[in-house]
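Report on the structure
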Amino acid sequence: MLEEYFERLRSEPWRAKAACIGKNKHYFKIDTRGPEIYQKAIQICNTCPVKRQCLDFALANHERYGFWGGMTYRERCKEAKRRQGSASWVVLER
Ligand code: SF4
């Protein structure tokens, strides 16, 4: 099941444009890390041309770990609640 998830993630076309490619993966495992790592990840994500797709993928897959679309898990939970109250929220079918 986990392998299916990673296979699906690897096949996402937006991944090829991700600004985090080649960057230190520790920046994106930040839920338990400090503010310097958080700021570094934010800087990278804010330059990412596929930030929206990354966030949508994480929300659609209920991703609990790491930094996706410029957000921590807590921030993604808030975003999911915000979207549930918005007509523009569309869950991407996988
Ligand atoms: S938004 Fe997602 S794909 Fe883009 S740099 Fe951040 S973690 Fe990587």
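Given the structure is predicted, the values throughout are model-derived calculations rather than measurements.

Regarding the overall build of the protein chain
- In terms of regular secondary structure, the protein chain is built from four helices and zero strands.
- Its helices and strands taken in sequence order, the protein chain reads α-α-α-α from the N to the C terminus.
- Residues counted as buried form 17% of the 94 residues belonging to the protein chain.
- Once local pairs closer than 6 in sequence are excluded, the contacts in the protein chain between residues at least 24 apart make up 52%.

As for helix H3 (residues 51-60)
- Taken as a whole, H3 has its buried residues at Cys54, Leu55, Asp56, Phe57, Ala58 and Leu59.
- Tucked into the core, H3 has its buried residues touching helix H4 (73-84).

Description of the environment of lysine 17
- If you trace the backbone, lysine 17 turns up in the loop between helix H1 (2-10) and helix H2 (35-45).
- Judged by the 12 C-beta atoms lying within 10 Å of it, lysine 17 is exposed.
- Distance from lysine 17 to proline 49, taken between C-alpha atoms, is 6.8 Å for residues 32 residues apart in sequence.
- Not counting residues within four places of it along the chain, the set of residues in contact with lysine 17 comprises Pro49 and Val50.

Side note on the site of the ligand
- Every one of the 14 residues lining the ligand counts as a neighbour, but Ala18, Cys20, Cys45, Cys48 and Cys54 are closest to it.
- Every element with two or more residues in the shell around the ligand is listed here: H2 and H3.
- Tallied by class, the residues present in the shell around the ligand amount to eleven nonpolar, two polar and one charged.

Details of the nonpolar core
- Grouped together as the largest cluster of nonpolar side chains are eleven residues: Ala41, Cys45, Val50, Cys54, Leu55, Phe57, Ala58, Leu59, Phe67, Trp68 and Met71.
- Those elements that place two or more of their residues in this core are H2 and H3.
- When residues of this core are assigned to their parent elements, the largest contribution, five residues, is made by H3.
- Beyond its immediate chain neighbours, meaning those up to four positions away, cysteine 45 contacts Ala19, Lys51, Gly69 and Gly70.

Here we look at unusual backbone geometry
- Positive phi is not limited to glycine here, since histidine 62 has a value of about 50°.
- Assignment of secondary structure puts histidine 62 in the loop between H3 and H4.
- On the neighbour-count criterion, histidine 62 (10 C-beta atoms within 10 Å) is exposed.

Some thoughts on the confidence of the model for the protein chain
- For the protein chain, per-residue confidence averages 84 on the pLDDT scale, and residues scoring 70 or more make up 84% of the total.
- Confidence drops under a pLDDT of 50 for residues 87-94, and excluding neighbours within four residues, the segment shows seven contacts in the predicted structure.

Calculation criteria
Residues numbered from 1 in each chain as written. Predicted model: local features only at pLDDT ≥ 70, side-chain atom pairs only at ≥ 80, totals over all residues. Helix = DSSP H or I, 4+ residues; strand = E, 2+ residues; numbered from the N terminus. Buried ≥ 20, exposed ≤ 12 C-beta atoms within 10 Å, placed from the backbone. Contact = placed C-beta atoms within 7 Å. Near = placed C-beta within 6 Å. Nonpolar A, V, L, I, M, F, W, Y, C, P; charged D, E, K, R; others polar. Core = buried A, V, L, I, M, F, W, Y, C linked by C-beta atoms within 7 Å. pLDDT = per-residue confidence, 0-100.

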